[in-house]
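# Structural features, examined
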Protein chains: 2
Amino acid sequence: MRAKSVILPATEIPRQWYNILSDIKMNPPLGPDGKPIQPDALAPVFPMNLIEQEVSTQRWIDIPEPVLDVLSIWRPAPLTRADRFEKALGTPARIYFKYEGCSPPGSHKPNTAVAQVYYNKVFGIKNMTTETGAGQWGSALAFACAQFGMNCKVYMVRISFDQKPYRKAMMETWGGTCVASPSTQTQAGRDALARDPETPGSLGIAISEAIEEAVGDTTGQTRYSLGSVLNHVMLHQTIIGLEAKKQLAMINEYPDIIIGCAGGGSNFAGLAFPFVQDKINGKQIEIYPVEPKACPSLTRAPFVYDHGDTARYTPLLPMHSLGHAFVPAPIHAGGLRYHGMAPTVSQLANEGLITPKSVFQTEAFQAGLLWARTEGVIPAPETTNALALVVQEALKAKEEGKEKVIVFNFTGHGLLDLAGYEKFMAGKIMDFALSDEDMAKSMSVFADFPKPQDLKSF
Amino acid sequence: MRAKSVILPATEIPRQWYNILSDIKMNPPLGPDGKPIQPDALAPVFPMNLIEQEVSTQRWIDIPEPVLDVLSIWRPAPLTRADRFEKALGTPARIYFKYEGCSPPGSHKPNTAVAQVYYNKVFGIKNMTTETGAGQWGSALAFACAQFGMNCKVYMVRISFDQKPYRKAMMETWGGTCVASPSTQTQAGRDALARDPETPGSLGIAISEAIEEAVGDTTGQTRYSLGSVLNHVMLHQTIIGLEAKKQLAMINEYPDIIIGCAGGGSNFAGLAFPFVQDKINGKQIEIYPVEPKACPSLTRAPFVYDHGDTARYTPLLPMHSLGHAFVPAPIHAGGLRYHGMAPTVSQLANEGLITPKSVFQTEAFQAGLLWARTEGVIPAPETTNALALVVQEALKAKEEGKEKVIVFNFTGHGLLDLAGYEKFMAGKIMDFALSDEDMAKSMSVFADFPKPQDLKSF
């Protein structure tokens, strides 16, 4: 019997994360005064041990044993050959995928949720708050909090809260609390409701509510948690790529191409960063983050200083951004509807170490459908964006007659996103590409912000 | 790092199924004339190669390579230590679970769906029909048909069709067709609609529709498929227990107790039968099928001849049955709401080789919630019935201070059944136990049927 999956022995699980900050130079985040922000300023929002990790430039950072212990529920995750998909495409390429859908919440998100909750617990925190859009991140944090006996409060954007009741049930099954945002429980929520009692909510408002609750707890026992964008989140996800490298070595393969979808950037970073390190050290390898054409921060937006949230609570981050007030078209890959891109991922694009790509929603669903009918597992809409590029590259390899090795990150299954497939099969999914005019409009918000190239003035 | 899961190398996947008919004597199924039915009589419904398998008494039956090839998408499945659950219960018992939720449809059902579709394909069949209640079986058959390029038509009980739209989307994503039953596409469906245009449908009507479509295809290219109860279905599921035995041997463990939930009997049989063989050969081991107190066929109903379906289309099967017209209380474990029990499982209970148990719905959900909050994966409602007994046995081991080894079958995840958990947490889940009066009433239907003990007259 052929081995479809390469299984890494439990003893071989990576024991350190790879920190890309050891290999690239980054612009610092800026405070409200336009000057580099000091770690202390973030202390009411994040625990100090995570803030230290956020700014660390140490190359290898130990993964704490209690974190490994929870990760071992589903890790090491399999690296699997997509031979049925290859056959359907008639490609000589060998396609491998790292399967992150085997975690209890069904995505890569718990890789960082578990670590963040652990560090908060060690720091003496009792309650975690966060926001969630489609629900993947809120579910992951609720799961992680259950493992460490922490309280979890998730502000879920109202429109998703109403459309996806099962996500709330999932969070509650893990003992979390999930409220529709805007809620009456915070000033930010009450203000939003006063402005528009019928508002569908937004990620911006939900972030404001979650931060307000964390900062407002005068006992100091509550902190906020973010599921992407920040350096420490990318760090925690590198276990994906570190496992993949070991697994590829076990079968004497090395990738020609690495592919991951990119919203805030964390799953892409997780698979790609360990291979970026190889590339910095001279390896020949193509690394492609894939984003929707409806939300093309890396492929089309400039590298600027912008806020990470719509409500402008966060420091100014150096990143490719469509503007913090940008509202993307209603594509089904909710996790890829973010206006900016992780500063680390943005910087790698600036340096030409990775090559951003974008795809249309229908080609993504088409690839997802072919995948489901050949490889079985129904992919999350986010994952199908990566798959669309995998198809393009596999067909290119076929044209060129080259046995390329393609490795991509299968971020999660789509069992809670089946409505999207239903619409696609009924011909009701539209393609969206951001117009130049709308892009210019959305980016006007940071016209007066400091520019990364002016940084030397600090 | 400790190994939480025991991973069987791909080369060690079982290459033969274990056939319990080689080790026990069974009463034959009877035809409409009350005499043992001849294999030919089933030819319009099932392909002859599967009918031969149904009556085979050969102990080991080779698993065809193309079946192994599809199973290898998710098999060998992990055997995992539930150490976090053990700790929460404070038990000295070592609890292991065989995780069947990693299949693309999320349950153990594709183990037989893949085999059945393969044998149909080899026999020259092009179209498969079946019925589905909650949707697990229909999803599994649609997935299997996609792998072999077969057409799949699923009649889904209308009330489930309306309540669980994602199951339909899932089947369609795999290329299947799913229609609400009763439909206007069959005589049985039209008759049912004429009787009551607002009927919520029933498994009985859906079976009638699926069989009618298969038998009615005059080209002979269509056959019907059943997801439980029959001997060949139990056979295909034994890969679960055969894998588990190898995995336990790898860590020098042998179970004191085997537990599986039992509706039609197939997941229970899959894990248990290879251990039943050991028991027949003298091993000391307790084997417990668990059913809901709302549908207690094995624990309370007599061993009789009864039809497998409400519409009385099937032969008379020798089994423990609550009567083919029995309508169980609306418990959430839809897969356990079957009036009868697989003849093989029934026979093992008769011979004292297995010891049937029953549990209440709320203790099942309570166990499921504890599981989700400790081990992470949210169990399907069916699985929680097994879990409720695992909890009882683990606490008994604690009381007795014994290091018992408990192995149970984790039939599937509950990601498409979260509504049940939501209701449970809201205190809206009721316990149902069948009353003696209702049981007597439901069993009156087979008062005049032949009795298994009269069989010698044939």
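So, here's what we can say about the structure.

Scoring rules and cut-offs
Residues numbered from 1 in each chain as written. Chains lettered and ligands numbered in written order. Predicted model: local features only at pLDDT ≥ 70, side-chain atom pairs only at ≥ 80, totals over all residues. Heavy atoms only, no water. Pairing = 2+ DSSP bridges. Helix = DSSP H or I, 4+ residues; strand = E, 2+ residues; numbered from the N terminus. Buried < 20%, exposed > 50% of the residue type's maximum accessible area, 1.4 Å probe, protein only. Polar contact = N/O pair within 3.5 Å; in protein donor to acceptor, adjacent residues only side chain to side chain. Contact = heavy atoms within 4.5 Å. Axes fitted to C-alpha atoms, helices over the stretch in contact; angles between N-to-C directions. Parallel < 35°, antiparallel > 145°, perpendicular 65-115°, else oblique. Nonpolar A, V, L, I, M, F, W, Y, C, P; charged D, E, K, R; others polar. Buried area = accessible area lost by both parts, 1.4 Å probe.

Quick look at the sheet that holds strand β1 (residues 5–6) of chain A now. Residues and elements named next belong to chain A. Taken in spatial order, the seven strands line up as β1-β4-β5-β15-β10-β11-β14 in an open sheet, and their pairing is mixed. What marks the edges here is a single partner per strand, and that holds for β1 and β14 (357–359). Sheet topology note: the β1/strand β4 (residues 79–81) ladder contains two bridges and is antiparallel. Each bridged residue has a counterpart across the sheet, and for V6 the counterpart in β4 is L79.

A word on the side chain of A:Q53. All names here are of chain A. When you line up the elements, Q53 lands in helix α1 (residues 48–55). Classification of Q53 by relative accessible area gives buried; the value is 8%. A distance of 2.8 Å separates polar atoms of two side chains, one belonging to Q53 and the other to H236. With sequence-adjacent residues up to four places away left out, Q53 is seen in contact with W17, I61, Y119, H232, L235 and H236.

All right, on to the packing of helix α15 (residues 361–375) of chain A against helix α16 (residues 381–400) of chain A then. The description of two packed helices rests on the angle between their axes and on the distance between the axes. Residue and element names in this part refer to chain A. Where α15 contacts α16, the axes come no closer than 7 Å and their chain directions differ by 90°. When the axes of α15 and α16 are compared, the pair comes out roughly perpendicular. In this structure, α15 contributes E363, A364, F365, A367, G368 and W371 to the contact, and α16 contributes P381, T384, N385, L387, A388, V391 and Q392. A per-class count over the contact of α15 with α16 returns eight nonpolar, four polar and one charged.

For the rest of this paragraph, the subject is the interface of chain B and chain A. Each side of the interface is counted separately: chain B has 45 residues, and chain A has 45 residues. Carbon and sulfur atoms supply 59% of the area buried between chain B and chain A, which totals about 4,100 Å² over both sides. Taken together, the connections running from chain B to chain A amount to 12 residue pairs in polar contact (both at pLDDT 80 or more). Taken together, the elements giving at least two residues each to the side of chain B that touches chain A come down to α2 (65–71), α5 (136–148), α7 (165–173), α15 (361–375) and α17 (418–425) of chain B. Take the side of chain B that touches chain A: its biggest share by element is seven residues, from α7(B).

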